[in-house]
Amino acid sequence: GLRFLEQSQNKEGYWLDPDHPAVTALCLMAHHSNPNKPKAEPAWVKKAYGHILKQKQKNGSIYVPGKGLANYNTALCLMALVAAENPAYTDTAKQARAYLVRQQWDLGKKKEQDHPLDGGIGYGNRYPHSDLNNTLTAIEAIYYSRHLIADSPEAKNDLNWGAAIKFIQNCQNLPSHNKQPWTSDDPKHKGGFIYFPGKSMAGEEKGKNGKTALRSYGSISYAGMLSYAYAQLDKSDPRVKAVREWLIKNYTLEENPAMGAQGLYYYYYLMTKALTIYGTDMLELPNGKKVDWRKDLALKLMGNQAQDGSWVNQKSARWWESEKPLVTAYSLISLSLIHRGQ
């Protein structure tokens, strides 16, 4: 897989698209996930970092102006910079982190949770809302870079984690904690997550009582579970227990639950991260069957690898999963976490 990434890299140092350095950052994280990573930084890795650093903006963001997705690109580039453990990248990483913290939404009255979108982070630029995927990507980068500002004055201006938790909660189908009208007690949805308050990529459905419910789906539910982990909610918290229960009820490696083949490898990637960080070993399904998810997912991924070392979503191109470098990075990072988890 790593040989494929090295061989498919553009001569300028990026993968897939020079206007979206997030993909290059994911490929770099795949390199750093290698359990047999060489001590000396390979030339192709140096070239990739060079491309990322060229995209740094005066406000701390790392993206290509006019091309959008400022927060998404900045967050993943920050993760790649932190993974390098290179002091030369520290200032850039700290500035990127501060930029992401400033992107947290606060509508209505300042410092009050008076809007469902408050506390989240969105794509930035022309997208007028926060969403759970971008919130996850941003808070993951903020979480793993927290050591850069430890014991410094910058720590006083850190992310409002309480507001972030409230936003995450506002994306969960859990009426006990989320009082928005679309939340559902239906076991098909209860505990799972949607994209942002009022919008599910899996659509909506009418319940028997005539109420419109927004459908929970797999990848975003793992995003919610993982977001709670970075916000340091214990796995005994009822919100964490509820999403875990929904995910176990809907456990499968054959599809992204409620989304079919769409976002399948992102689903694997988030599943691996969420179950690893919460220390989940065997899963007991509703029928009593116990599942070794690490073994099953590892075998699934190894079986899906192409002869050239890459991975690609053969059934759906949505969310760039027809692009080999992106899907290969997701798969390598997942396999590395499984390897370390065992």
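Now for a description of the structure that goes with this document.

## Quick look at the pattern of salt bridges
Alright, step 1. Per the counting criterion, the structure on display carries 10 salt bridges.
Alright, step 2. In this structure, Lys 188 engages Glu 205 in a salt bridge whose closest nitrogen and oxygen atoms are separated by 2.9 Å. Residue Lys 188 is found in the loop between α7 (161–170) and β1 (204–206), and its partner Glu 205 is found in strand β1; the two are separated by 17 residues along the sequence.
Alright, step 3. The exposure class assigned to Glu 205 is partly exposed, which follows from its relative accessible area of 23%.

## Regarding the nonpolar core
Where a protein is soluble and globular, its nonpolar side chains tend to be buried together.
Alright, step 1. Core analysis: the biggest nonpolar cluster contains 103 residues, and Leu 26 and Tyr 222 have the highest contact counts within it.
Alright, step 2. When residues in this core are grouped by element, the largest group, 11 residues, is from helix α4 (residues 70–84).

## Comments concerning the side chain of His 32
Alright, step 1. Mapping His 32 onto the fold places it in helix α2 (residues 21–32).
Alright, step 2. Beyond its immediate sequence surroundings of up to four residues, His 32 is in contact with Lys 37, Tyr 49, Ala 80, Ala 83 and Ala 84.

## Digging into helix α3 (residues 43–54)
Alright, step 1. Taking 1.5 Å as the rise per residue, α3 with 12 residues should run 16 Å; its terminal C-alpha atoms sit 17 Å apart, in good agreement.
Alright, step 2. Within α3 the residues assigned to the buried category are Trp 44, Val 45, Ala 48, Tyr 49, His 51 and Ile 52. One face of α3 carries all of its buried residues, which in axial projection span an arc of 155°. Away from its buried face by more than 90 degrees, α3 exposes Ala 43, Lys 46 and Lys 54.
Alright, step 3. Considering only its buried residues, α3 is in contact with α1 (2–8), α2 and α4.

## What to know about the packing of helix α6 (residues 132–144) against helix α8 (residues 218–230)
Alright, step 1. Direction vectors running N to C along α6 and α8 enclose 30°, while the axes themselves pass 9 Å from each other. Considering their axes alone, α6 and α8 lie roughly parallel with respect to each other. Our pair here, α6 against α8, has a crossing hand that is left-handed. Residue-level inspection shows Leu 132, Asn 133, Leu 136, Ile 139, Glu 140, Tyr 143 and Tyr 144 of α6 in contact with α8, the latter providing Ile 220, Ala 223, Gly 224, Leu 226, Ser 227 and Tyr 230.
Alright, step 2. Considering only residue class, the contact of α6 with α8 consists of nine nonpolar, three polar and one charged.

## Looking at the packing of aromatic side chains
Alright, step 1. Under the defined criterion, the tally for this structure stands at 14 aromatic pairs.
Alright, step 2. Considering the side-chain rings of Tyr 72 and Tyr 123, the 6.3 Å spacing of their centres and the 70° angle between planes classify their relative orientation as edge-to-face. Placement of Tyr 72 in helix α4 and of Tyr 123 in the loop between α5 (90–102) and α6 is noted, with a sequence separation of 51 residues between them.
Alright, step 3. Residue class for Tyr 123 comes out partly exposed when judged on its relative accessible area of 22%.

## Thoughts on the packing of α2 against α4
Alright, step 1. For the pair α2 and α4, interaxial distance at closest approach is 8 Å and the crossing angle is 25°. Judged on the interaxial angle alone, α4 and α2 are roughly parallel. The crossing of α2 and α4 is left-handed. Within the contact between the two elements, α2 uses Pro 21, Ala 22, Ala 25, Leu 26, Leu 28, Met 29 and His 32 and α4 uses Tyr 72, Asn 73, Leu 76, Cys 77, Met 79, Ala 80, Ala 83 and Ala 84.

## Focus: α8
Alright, step 1. Taking 1.5 Å per residue, 13 residues should reach 18 Å; α8 reaches 19 Å between its end C-alpha atoms and fits that length.
Alright, step 2. In terms of burial, α8 is a largely internal element, 13 of the 13 residues being buried.
Alright, step 3. Two residues or fewer after α8 comes Gln 232, characterised by a positive phi angle close to 65°.

## So, unusual backbone geometry
Alright, step 1. One non-glycine residue, Leu 69, lies in positive phi territory at about 60°.
Alright, step 2. In this structure, Leu 69 sits in the loop between α3 and α4.
Alright, step 3. Residue classification places Leu 69 among the buried positions, given a relative accessible area of 13%.
Alright, step 4. Unlike most non-glycine residues, Glu 85 shows phi in positive territory, near 50°.
Alright, step 5. The topology assignment puts Glu 85 in the loop between α4 and α5.

## Considerations on the environment of Met 282
Alright, step 1. Mapped onto the secondary structure, Met 282 falls in strand β3 (residues 282–284).
Alright, step 2. Residue classification places Met 282 among the partly exposed positions, given a relative accessible area of 44%.
Alright, step 3. In sequence terms Met 282 and Trp 293 are 11 residues apart; their C-alpha atoms lie 6.6 Å from each other.
Alright, step 4. In this view, Met 282 contacts Lys 290, Val 291 and Asp 292; residues no more than four positions away in its chain are not counted.

Rules behind the numbers
Counting from 1, residues in each chain are numbered in the order their sequence is written. For a predicted model such as this one, the threshold for reporting local features is a pLDDT of at least 70, and the threshold for listing and counting side-chain atom pairs is 80 or more; totals across whole chains, interfaces and linings nevertheless cover every residue. Water and hydrogen atoms play no part in the side-chain values, which are based on all heavy atoms of the structure. For this analysis, a salt bridge means a side-chain nitrogen from Lys or Arg found within 4 Å of a carboxyl oxygen belonging to Asp or Glu. Numbering of helices and strands runs from the N terminus; a helix is a DSSP stretch of H or I covering at least four residues, while a strand is a stretch of E covering at least two. The classification of residues rests on relative accessible area computed with a 1.4 Å probe and restricted to protein chains. Under 20% of the type maximum is buried, over 50% is exposed, and intermediate values are partly exposed. Grouping buried Ala, Val, Leu, Ile, Met, Phe, Trp, Tyr and Cys residues that are joined through side-chain atoms within 4.5 Å yields what is termed a nonpolar core. Any two residues whose heavy atoms approach within 4.5 Å at even a single point are treated as in contact. Multiply 1.5 Å by the residue count of a helix minus one, and that product is the helix's expected span. Here the arc refers to the directions that run from the helix axis out to each C-beta atom. Every axis corresponds to a line fitted to the C-alpha atoms, with the helix fit spanning only the stretch in contact, and the corresponding angles, defined between N-to-C directions, vary from 0 to 180 degrees. With respect to orientation, any angle under 35 degrees is reported as roughly parallel, any angle over 145 as roughly antiparallel, any angle of 65 to 115 as roughly perpendicular, and every other angle as oblique. Take the far helix as the reference: if the near one is turned anticlockwise from it by less than a right angle, the crossing is left-handed, and if turned clockwise, right-handed. Lys, Arg, Asp and Glu make up the charged group, whereas Ala, Val, Leu, Ile, Met, Phe, Trp, Tyr, Cys and Pro make up the nonpolar group; the residues left over, Gly among them, are polar. Any two rings among Phe, Tyr and Trp, with Trp reduced to its six-membered ring, count as a pair given centres within 6.5 Å; such a pair is stacked if its planes are under 30 degrees apart, edge-to-face if over 60, and tilted if neither.

Nothing here speaks to function; it is geometry throughout.
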